[in-house]
4 protein chains.
Amino acid sequence: MTHPTDAQRRHDPAVRGFASDNYAGVHPEILAAIALANDGHQVAYGEDQYTEHLQDVFRAHFGPQAEAYPVFNGTGANVVSLQALLPRWGAVIAAGSAHINVDECGAPEKVAGIKLLTIPTEDGKLSPELIDQQAWGWGDEHRAQPLAVSITQSTELGTLYTPEEVRAICEHAHERGMLVHMDGSRLANAAASLGRPFREFTTDAGVDVLSFGGTKNGLLFGEVVVVLNPEKVRNIKYLRKMSMQLASKMRFVSVQFEALLTGDLWLRNAGHANAMATRLAEAVRGIDGVTIVRPVQANAVFALLPREVSERLQKRYRFYFWDEHTGEVRWMAAFDTTEADIDAFAEAIKEEMGRTA
Amino acid sequence: MTHPTDAQRRHDPAVRGFASDNYAGVHPEILAAIALANDGHQVAYGEDQYTEHLQDVFRAHFGPQAEAYPVFNGTGANVVSLQALLPRWGAVIAAGSAHINVDECGAPEKVAGIKLLTIPTEDGKLSPELIDQQAWGWGDEHRAQPLAVSITQSTELGTLYTPEEVRAICEHAHERGMLVHMDGSRLANAAASLGRPFREFTTDAGVDVLSFGGTKNGLLFGEVVVVLNPEKVRNIKYLRKMSMQLASKMRFVSVQFEALLTGDLWLRNAGHANAMATRLAEAVRGIDGVTIVRPVQANAVFALLPREVSERLQKRYRFYFWDEHTGEVRWMAAFDTTEADIDAFAEAIKEEMGRTA
Amino acid sequence: MTHPTDAQRRHDPAVRGFASDNYAGVHPEILAAIALANDGHQVAYGEDQYTEHLQDVFRAHFGPQAEAYPVFNGTGANVVSLQALLPRWGAVIAAGSAHINVDECGAPEKVAGIKLLTIPTEDGKLSPELIDQQAWGWGDEHRAQPLAVSITQSTELGTLYTPEEVRAICEHAHERGMLVHMDGSRLANAAASLGRPFREFTTDAGVDVLSFGGTKNGLLFGEVVVVLNPEKVRNIKYLRKMSMQLASKMRFVSVQFEALLTGDLWLRNAGHANAMATRLAEAVRGIDGVTIVRPVQANAVFALLPREVSERLQKRYRFYFWDEHTGEVRWMAAFDTTEADIDAFAEAIKEEMGRTA
Amino acid sequence: MTHPTDAQRRHDPAVRGFASDNYAGVHPEILAAIALANDGHQVAYGEDQYTEHLQDVFRAHFGPQAEAYPVFNGTGANVVSLQALLPRWGAVIAAGSAHINVDECGAPEKVAGIKLLTIPTEDGKLSPELIDQQAWGWGDEHRAQPLAVSITQSTELGTLYTPEEVRAICEHAHERGMLVHMDGSRLANAAASLGRPFREFTTDAGVDVLSFGGTKNGLLFGEVVVVLNPEKVRNIKYLRKMSMQLASKMRFVSVQFEALLTGDLWLRNAGHANAMATRLAEAVRGIDGVTIVRPVQANAVFALLPREVSERLQKRYRFYFWDEHTGEVRWMAAFDTTEADIDAFAEAIKEEMGRTA
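Residues numbered from 1 in each chain as written. Chains lettered and ligands numbered in written order. Predicted model: local features only at pLDDT ≥ 70, side-chain atom pairs only at ≥ 80, totals over all residues. Heavy atoms only, no water.

Caption draft 1: Layout of the relation of the copies chain A and chain B. Once chain A is rotated about the relating axis by 180 degrees and shifted along it by 0.0 Å, it coincides with chain B to within an RMSD of 0.0 Å. When the rotation and shift are considered jointly, the pair of chain copies conforms to a two-fold rotation axis. Taking the C-alpha atom as reference, chain A places A:V111 closest to the rotation axis, 2.4 Å from it. With an isologous cut-off of 70% or more, the 100% of interface residues of chain A that recur at the interface of chain B puts this contact in the isologous class. (Least-squares fit on C-alpha atoms with pLDDT ≥ 70 in both. Contact = heavy atoms within 4.5 Å.)

Caption draft 2: Inspection of the relation of the copies chain C and chain D at higher detail. Once turned by 180 degrees and shifted 0.0 Å along the axis, chain C lies on chain D with an RMSD of 0.0 Å. Comparing interface residues between copies, 99% of those in chain C also lie at the interface in chain D; the contact surface is shared.

Caption draft 3: Fine view of the interface of chain C and chain D. Each partner contributes to the interface: chain C provides 78 residues, whereas chain D provides 77 residues. Three residues stand out in chain C for area buried against chain D, namely C:H41, C:M244 and C:K249, and they jointly supply 13% of the buried area on that side. One can count two salt bridges joining chain C with chain D. Across the pair D:E258 and C:R10 runs a salt bridge whose closest N-O atoms are separated by 2.7 Å. For the interface between chain C and chain D, the tally reads 52 residue pairs in polar contact (both at pLDDT 80 or more). Those elements that provide at least two residues to the side of chain C that touches chain D are helix 1 (28-36), helix 2 (49-62), helix 3 (74-85), helix 5 (107-112), helix 9 (236-242) and helix 10 (251-261) of chain C. By residue number, the principal contributor to the side of chain C that touches chain D is helix 1 of chain C, which donates eight residues. Looking at the side of chain C that touches chain D residue by residue, the classes come out as 37 nonpolar, 24 polar and 17 charged. (Buried area = accessible area lost by both parts, 1.4 Å probe. Salt bridge = Lys/Arg side-chain N within 4 Å of Asp/Glu carboxyl O. Polar contact = N/O pair within 3.5 Å; in protein donor to acceptor, adjacent residues only side chain to side chain. Helix = DSSP H or I, 4+ residues; strand = E, 2+ residues; numbered from the N terminus. Nonpolar A, V, L, I, M, F, W, Y, C, P; charged D, E, K, R; others polar.)

Caption draft 4: Fine view of the pattern of salt bridges. Residues and elements named next belong to chain B. The tally for this structure, following the rule as stated, stands at 89 salt bridges over all chains. Where D21 meets R186, a salt bridge forms, and the shortest distance between an N and an O atom there is 2.7 Å. Of this pair, D21 sits in the segment before helix 1 (28-36) while R186 sits in the loop between strand 5 (179-184) and helix 8 (187-194), placing them 165 residues apart in sequence.

Caption draft 5: Fine view of the side chain of A:N22. Tracing the backbone shows A:N22 in the segment before helix 1 (28-36). For A:N22, a relative accessible area of 4% translates into the label buried. Of the polar contacts made by the side chain of A:N22, one reaches the side chain of A:S20; its length is 2.8 Å. Side-chain polar atoms of A:N22 contact the side chain of B:Y45, separated by 3.4 Å. With near-sequence residues (within four places) excluded, A:N22 lies in contact with A:K216, B:A44, B:Y45, B:S248 and B:K249. (Buried < 20%, exposed > 50% of the residue type's maximum accessible area, 1.4 Å probe, protein only.)

Caption draft 6: Structural view of the interface of chain A and chain B. Each side of the interface is counted separately: chain A has 77 residues, and chain B has 77 residues. Between chain A and chain B lies a buried interface of about 7,100 Å² when both sides are counted; carbon and sulfur atoms form 60% of it. In terms of surface lost to chain B, no three residues of chain A exceed A:H41, A:M244 and A:K249, which account for 13% of the buried area on that side. Scanning the region where chain A abuts chain B turns up 52 residue pairs in polar contact (both at pLDDT 80 or more).

Caption draft 7: Region of interest: the environment of A:V149. Residues and elements named next belong to chain A. Along the polypeptide, V149 turns up in strand 4 (residues 145-152). On a C-alpha basis, the gap between V149 and M182 in space is 8.4 Å, while along the polypeptide they are 33 residues apart. Once you skip the residues sitting within four places of it in the chain, V149 turns out to touch V92, I93, L126, I131, I169, A173, M178, L179, V180 and H181.

Caption draft 8: View of helix 1 of chain B. Among the nine residues that make up helix 1 of chain B, seven are buried, leaving the element largely enclosed by the rest of the structure. Listing the buried residues of helix 1 of chain B in full gives B:E29, B:I30, B:L31, B:A32, B:A33, B:I34 and B:A35. Packing partners of the buried residues in helix 1 of chain B comprise helix 1 of chain A together with helix 10 (251-261) and helix 11 (265-285) of chain B.

Right, here's the structure in full:
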């Protein structure tokens, strides 16, 4: 890109870390798509031709009844979705580790008055049995009514639901009058890891509404509220606008998803990130004193190693402590993580472990 | 841009209309800036180097105490700002025609529980006298407490506040214990038209917090909450996150504003749009049966002409009826509107008027 | 009542004023009813025998489909009702002078995120024509959707809707997909003045949900959300609880309404208050310099007189300025206002007017 | 009370149960106080002489800086209090079993957008160590900021905090920038059981704001938000009104508290209820197959016995299952529970246990 601009490059584009998949930038095919949609006038607020076409893009993946509503970010996708599932007096059942519970500054409660009924889990996954800890009290007005379940695929702990597990949860929920939301900010990573089309573990498994993530898979910005059960999940357009998630130049959100989902860019990006996480896990498994503490099923690796080693490592590579108490750390791979990045990082871990011994 | 992508161009980039300045696309210098900030990893959620530098960019325009908080859109900027000005029991005084009142699906009320105390105006502008219609009742708990005033610059009706008018409003408000928000989704148009630096009619005039617009001036997306009075306006970072307006890959918002505001791109874009509106107003003033009904001070032209003429025109060019009852129409010029566009549109108006006569 | 108590009488029970009908105390028949329901245990939160019977009481007045939900106060009744009529993105059309707009500290917005679309009126009354000022924009997500109309009977300005006027509003609203709420904090005064049974201007006229007032008509406390259209107005029980309006010892609210509505206590109290207002209006009409500025149709009298006279009068009798700008005052009669009170007050007005001349 | 009324007695005043202390009615001294405050006009909404005097009543118990704001019910007192402690982005730490979490239909979230950070406990009591499970993340905008702690005295599980325990919690909270709310819907039971004046375990222990309960201790209705730290806890009057908790005829709330707290009525009522719970616990301790499962420190008894026995017992006496899974039941004593009630109930338990064996 040689067009002049008054902005300046302020960072070293060769530096990558393991802190988060949204520390990465934009995939070049996505930038190309944005440029393609540029110039001329298009109706704002979603009546453009890219957003119109986006409906076909999502229907191809999620079935003919699917409806796609682009929004700005994952918090927005989640809170818009949950508002569509819940009356004013409703509550949503979620894992204690769910992003909607721990990482959104209370947005569900504060923006929409939604009560969360949370459940502690080992691995970030709910099950019918776990859900039953909170699924009770219907008809009793003293209890916020549990009328929705929210699950995350892949979870915040890097684990996956099989299609069968999702189906069991949806059936359990539906039998009790509850609808199901899936937080899919890393849905592509899940699909790549499972080796199954999206709809097998969403639409076909009974999920009613989905937050489909793009940002963590190489987009500049953008997520999509995907309505899978339009009979039960309605009025997203009003909820999106009143929740301040309606983009004016929506064509540029929609065209990114077209670029991601028309061919296999979504799979290339997510599959690569998953593979890099696996490569990292394998590289460090042999290092004495480093333990991989959770299954590596998507693009996250959780590890235990001496705290001072982690702190020294953090001076060389960005990553986060996941649990300040135990010293557990989280390493995320992104679409742009290279094999060389992984190998160098694994080498650095070895070095710093050696300095400790 | 020749990088391959699976997305396809779906629109005719030669077609432009007069419906809204956010029907336009992205200025090429802005796209170049986005590309410049790409590649490599940058800390998400605003701790990147572009957002750090953005503070200097905004301080250069708004004074050394200014703080810049990028958000997704104008509704977000307004509602985040207003929450910072108001306690839970507070109300904001605004013109009845204000965007926060008529065009945000009730987001201030619904997201933040903010009561609007509205005032009918002739031209979209408040004044100390008008404000006094609602500025009363402090200490009376039966009345939502008027603790903020919100004005729009340039207004939704295409009019402008002079620096002196803004100052009078701010002094009036401050004397009564109210803080002042300015909705500046078209602040660049105002500055270009007034021929005055931003700070003369914002910081120096006493405005406490500002929604600074980028989208309507050539950005892909993005607005900035600019705190001008950091002693009184605090905790934007929490309000932004809980209001679902925190971009993960914020570097791409910040670098757009760097490109817009470091040199004169903001002025070129806004000044051009204003000039095109003026050109249009002048071109149609001579047409019998067409009346320009409001002062053309920024990039909007409001006109009265026979309804059937407007309806025929709408088949050729996109634009909106502003008032269904009177038939008043609004024509907006954008940064990419050309002289040829204006001349052709004026010609079309003449033609359609002629077919009526 | 001679039972000992550590509390002491701290006021002069002979003093009455004209400030508000809720400055009055409790009618002795109401206190007797409370005592009757006392002693022994009754299920809390509305499953008691008095609340069960209350359903019959309200059905006798409002028709066999009516449902009665006691709440604490009028603000609560209004906000619970409106939440039942509106989805999250809904707005309610109301007169600018409506209590829900000006006298509830923004509770509808702050507790429930409800946007008010207000209309200036001469006399506090809406009409189909006035409603149309705000009844538009359905389907446009930029506008909070007008899905309810709220009217007050008798109005905050002491005026009345005829049954025909209510019916016209309800038909107009229903044809446009809007439901109708009536704020009936003084519904008994309206019925007494109209000389018509409640249901003629509520159920039979098409009102969907009603706030039925008791406090201003002699109760200790308590209002009732009366659902008149149970097909459209649902789930009040959840809304009441989450809105903090569910009384634990509800039997004592219900038995008060039983005492009020089983015989003619409601009519005696309201009819008397109305008569006292009329007596006052007639007594002052002859006084030079005093103008009755609004029709006296219920228990309120609005008057214009010299401000200094009002201020001297206020040292002798409690009442309020209604409009600080014009000096208009409001005089309210209550169920316990006596003819002697009126005559003495009229005499005082005459005296103070005389001291001015 | 022989005054005529159209209401009828519909219940047997001799029947009492063990379901809840708010199944009881009104203490006769309270009814006498209400009658005393009746007749004549008093300013509405809290400017009456009874509410003025109430300030002295509460200062006598809670110290000279205390401020008393009567409200309708406990949910209202809690949510008004919490709003005063928390900014829009704040969260409150509470026990998982807290009434604000499990028994208010999500009112804190729904009315006020408050996020609850809950902690599982054995006995309903928090401690500095337990609080630390949730007391972290200040400055991180992704986490709703923990800025308040709420404890219940006596707890929902019938247990008590000692003054020292309250002080330790308050010091711990204050050191971390958190304020402390105490839900005292049964504060009188706590004081009676501890044998200590209220202020020792509230004001003097560092509590910032208190929900003081009256309804469960013999009032008709009414609770009081008691501000103990007026430097930090402000603007209750606005929060009370906008939260729909402002009683118009407030004199009748205030005079009840005067009657309760001026002499020793509060202590007689609460001490008696506590004694009746102890009597019950002692009476059943000897019954084979019945286990008292929690310490009996106030007026609640929690027991385990065969489920079919409980179900047979429920046909004779009202009470609730506390935990449907384990079959644990809760028996509450009230101010009007008699020794004969206890003895007869214990006898009934024995009988039903015998029918099982």
